[in-house]
Amino acid sequence: MATQHSLVLGIVSGAYERLREEDSFQAGLYVALAAAVGILVAVILYFTCYTGILKRENERLGKVLGSLKREKETLGKEKEALQKNYEILKSKNERLGKEDSSKVGFCVVVVVGILVAVILWCAYYIACFKRDIKRLTREKEDLQKNYDSLKGKNERLGKEKEDLQKQNVLGIVSGENERLGKGDSFEAGLYFAFAAAVGILLLVILYFACYTGILKRENERLGKEKKALQKNYEILKSKNERLGKGASSEEGFCVAVVGILVAVILWCAFRIARVKREIKKLTREKEDLQKNYDILKRENESLEEEKEDLQKKYETLKQEKEKVEADFKELLRNTNMCVYAVDRDWKKLIEVCVKVTLDPDTASPCLTVSEDGSRVRFTGEGSAEWPSVLGREGFTSGGHYWEVEVGEKGYWVLGVSTHPHEKSIPEKPGEGYWLVRLVKGKTCKAVSQSVDQTLNLEKMCKMWGVYLDHGGGRLSFYNAETRFHIHTLEGSFPGQVYPIFSPGSHDKGPLIINTKVKNV
């Protein structure tokens, strides 16, 4: 501090000596005052810009913190959803193992549907997890970049501070600012500012004391020369008075300048304390962001581990499901048993029920079709052929269900065909036929190009339900009265297929299409 005071005194005394040699002492003071005001304005602008930068940085870090919090909540919800679905899948698997053999088919259908949904759901959320991880990685890189940018800004501010300290005119202000920066509170800054103001006042008093001594010596010299310069006495007297008035006006002006300097120093101290509080706040928020990032990182790792566990459990359940399906198919092939269709599955069949109308143009000449297209009967002479009639509408996709009443007839054929122009069914159907045939009221067979299987039925049903799954390549037959599944023919349906009916050629009883299908 003493060094700075001596430096300022040297500058002031040197400037005073130079100004004494010139005629315009007041002009020099005005120039010095203008330079001081310019420096103060530059300092004010610098602190204003620095405060604005810190505010914007604070707002940006706040937004990043909010984004990280929202990502944390999203990951937590996804974790809970995964756990719930896993519990549901686990309970479904346990219930599948406890079901009776009579409900194996129903359980298999339910488990397959659940597993397909879980696969799609897991695939979707795995993609979401990958996007979240990528987004967290990018946000981490952005945080690192922002940290490096803030660090660079702090280094640049330090360099600018050192440059200001190197300027002699701002020596006092920078010294007081350094002392204020090291303080812990705004009150300490005010005390240092007051001390600086007192020092400046002392310098001004010393300056005017020197100036008054010079004036006194000048008056003594004028007194000694009074006798020799009697003629110029009046002129010298008027100059002396003018000098006295100038000194008083300059003293008042200097006091005003000192007041302005004190006010500026106090304002700068206040701004410095405020900036320090902002820096501490930003530092705390940065630490909180880093902690939240670490927490999210650990949670993400935990979610990855849980996802791997769920994937392993899913693979295990998938293998068990495939095993159960294989065992069930083998059981069906070996026993040809009937499976009861529960309400939910039967409702799905009813929802795809279609109104089949017989097409007289496709009927054999020995058959008679009713006017409404719902009945067909044999009206010709007995023969070994199977005269047939097709439905008016063909099917190319989707699922379709219809019911046919056979009554007590001993001969009939039901199924689908891809031959729209054939009016009879061969005894041994080739490609394009999927049928169930009853002969002599006792022997019921499922026949196609590759299948000729006798169906063991305890009691012959009077109302048959036919379900066509075109896309799945399945044609299923049901007892429409008891809702038991009787048999399913599998194959690939090429293009359009038509419902086909044959009342046989050995009795006159009709086949009747049921147009009033009962709901569940």
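Residues numbered from 1 in each chain as written. Predicted model: local features only at pLDDT ≥ 70, side-chain atom pairs only at ≥ 80, totals over all residues. Heavy atoms only, no water.

Each helix and strand in the chain was counted, giving 7 helices and 16 strands. For the chain, the exposed surface amounts to about 31,400 Å²; the carbon and sulfur share of it is 55%. (Helix = DSSP H or I, 4+ residues; strand = E, 2+ residues; numbered from the N terminus. Areas by Shrake-Rupley, 256 points an atom, 1.4 Å probe, with all protein chains shown as cover.)

Another aspect to go through is a nonpolar patch on the surface. A cluster of nonpolar side chains, Phe194, Val198, Leu202 and Ile205, forms an exposed patch at the surface whose accessible area comes to about 410 Å². For Phe194, the position within the fold is in helix 5 (residues 186–224). (Patch = residues over 30% accessible without salt bridge, like charges linked within 9 Å, V, L, I, M, F, W, Y side chains within 5 Å. Salt bridge = Lys/Arg side-chain N within 4 Å of Asp/Glu carboxyl O.)

Right, let's talk about the packing of aromatic side chains for a bit. With the rule as written, the count across this model stands at 7 aromatic pairs. Seen from their ring centres, Trp346 and Tyr478 are 5.9 Å apart, and the 80° between their planes marks the pair as edge-to-face. Of the two residues, Trp346 is situated in helix 7 (residues 343–351) and Tyr478 in strand 13 (residues 474–479); the sequence distance between them amounts to 132 residues. Neither Trp346 nor Tyr478 differs from the other in exposure class; each is buried. With 4.8 Å between their ring centres and 75° between their planes, Trp434 and Phe493 make a pair best called edge-to-face. Taken as a pair, Trp434 in strand 9 (residues 433–439) and Phe493 in the loop between strand 14 (484–490) and strand 15 (498–502) lie far apart in primary sequence, 59 residues in all. (Phe/Tyr/Trp six-rings, centres within 6.5 Å; stacked < 30°, edge-to-face > 60°. Buried < 20%, exposed > 50% of the residue type's maximum accessible area, 1.4 Å probe, protein only.)

As a further point, take the environment of Gly391. Along the chain, the position of Gly391 falls in the loop between strand 5 (389–390) and strand 6 (399–405). Given the relative accessible area of 3%, Gly391 is considered buried. Here the alpha-carbon distance between Gly391 and Ala363, two residues 28 residues apart in the chain, equals 9.7 Å.

The next point concerns the sheet that holds strand 7 (residues 412–417). Here 6 strands make up an open sheet; going across it, the order is 5-15-7-9-10-11 and the pairing antiparallel. Lying at the two open borders of the sheet, with one neighbouring strand each, are strand 5 and strand 11 (452–454). As judged from the 2 bridges shared by strand 5 and strand 15, these two strands associate in the antiparallel manner. Counted as the bridge partner of Val389 is Phe501 from strand 15. (Pairing = 2+ DSSP bridges.)

Our next topic: a negative patch on the surface. A surface patch of like charges, here negative, comprises Glu301, Glu305, Glu308 and Asp309. Following the sequence through the fold, Glu301 ends up in helix 6 (residues 233–335). (Lys, Arg positive; Asp, Glu negative; His and termini not counted. Charge placed at Lys NZ, Arg CZ, Asp CG, Glu CD.)

Our focus in this paragraph is the confidence of the model for the chain. Across the chain, the average pLDDT comes to 76, with 68% of residues at or above 70. Contacts from residues 168–174, a stretch scored under 50 in pLDDT, to residues over four places away or in other chains number 10 contacts. Low pLDDT (under 50) marks residues 176–185, which in the prediction has 16 contacts with non-local residues, meaning those over four places away or in another chain. (pLDDT = per-residue confidence, 0-100. Contact = heavy atoms within 4.5 Å.)

Attention now moves to the pattern of salt bridges. Applying the stated criterion across every chain yields a total of 6 salt bridges. Between Glu304 and Lys307 there is a salt bridge; the shortest N-O distance is 3.4 Å. A residue pair is termed a helical-turn pair when its members lie 3 or 4 positions apart in one helix, as Glu304 and Lys307 do in helix 6 at 3 residues. The exposure class assigned to Glu304 is partly exposed, which follows from its relative accessible area of 21%. For Arg474, the salt bridge identified is with Glu490, shortest N-O distance 2.9 Å. Of this pair, Arg474 sits in strand 13 while Glu490 sits in strand 14; the two residues are 16 residues apart in sequence, bridging distant segments of the chain. A residue is classified by how much of its surface remains accessible, and Arg474, at 34% relative accessible area, is partly exposed. Residue classification places Glu490 among the exposed residues on the basis of a relative accessible area of 53%.

Further remarks concern the side chain of His485. Looking at the element boundaries, His485 is found in strand 14. For His485, the side chain forms a polar contact with the main-chain oxygen of His487, separated by 3.4 Å. (Polar contact = N/O pair within 3.5 Å; in protein donor to acceptor, adjacent residues only side chain to side chain.)

By the definition in use, this model includes 0 disulfides. Cys461 takes part in no disulfide bond, and the closest cysteine sulfur to it belongs to Cys444, at a distance of 7.7 Å. The exposure class of Cys461 is buried, given its relative accessible area of 5%. (Disulfide = S-S within 2.5 Å.)

Right, let's get into the environment of Ile486. Structurally, Ile486 is set in strand 14. Owing to a relative accessible area of 5%, Ile486 belongs among the buried residues under this scheme.

We now examine the side chain of Ser476. With respect to the helices, strands and loops of the structure, Ser476 is situated in strand 13. A polar side-chain atom of Ser476 sits 2.9 Å from a polar atom in the side chain of Thr488. Apart from residues no more than four positions distant in its own chain, Ser476 is found in contact with Gly465, Val466, Tyr467, His485, His487 and Thr488.

Core analysis: the biggest nonpolar cluster contains 34 residues, and Trp402, Trp464, Leu475 and Phe501 have the highest contact counts within it. Formed by 11 residues, the second largest nonpolar core is a distinct cluster that contains Leu54, Val64, Leu65 and Leu282. (Core = buried A, V, L, I, M, F, W, Y, C linked by side-chain atoms within 4.5 Å.)

Next up on the list: the pairing of strand 6. Buried residues dominate strand 6, accounting for 5 of its 7 residues. Across 7 bridges, the pairing between strand 6 and strand 12 (residues 463–469) is antiparallel. By the bridge assignment for strand 12, His400 is matched with Leu468.

What follows covers the environment of Leu310. Along the chain, Leu310 turns up in helix 6. Spatially, the C-alpha atom of Leu310 lies 9.8 Å from that of Asn85, the residues being 225 residues apart in sequence. In this view, Leu310 contacts Leu82 and Tyr86; residues no more than four positions away in its chain are not counted.

It is worth spelling out unusual backbone geometry at this point. Non-glycine residue Lys440 carries a positive phi angle of around 60°. Positionally, Lys440 belongs in the loop between strand 9 and strand 10 (443–448). Positive phi, normally seen in glycine, also occurs at Arg483, with a value near 65°. Checked against the element boundaries, Arg483 lands in the loop between strand 13 and strand 14. Residue Arg483 is classed as buried on the basis of its relative accessible area of 19%.

Right, let's get into the pairing of strand 9. Counting buried residues along strand 9, 6 of its 7 residues qualify, which places the element largely inside the surrounding structure. When strand 7 meets strand 9, the two strands line up antiparallel, connected through 6 bridges. The partner of Ser417 across the bridge, within strand 9, is Tyr433. Pairing between strand 9 and strand 10: 6 bridges, direction antiparallel. Across the sheet, residue Trp434 finds its bridge partner in strand 10, namely Ser448. Joining the antiparallel neighbours strand 9 and strand 10 is a turn of 3 residues, in which Lys440 adopts a positive phi near 60°.

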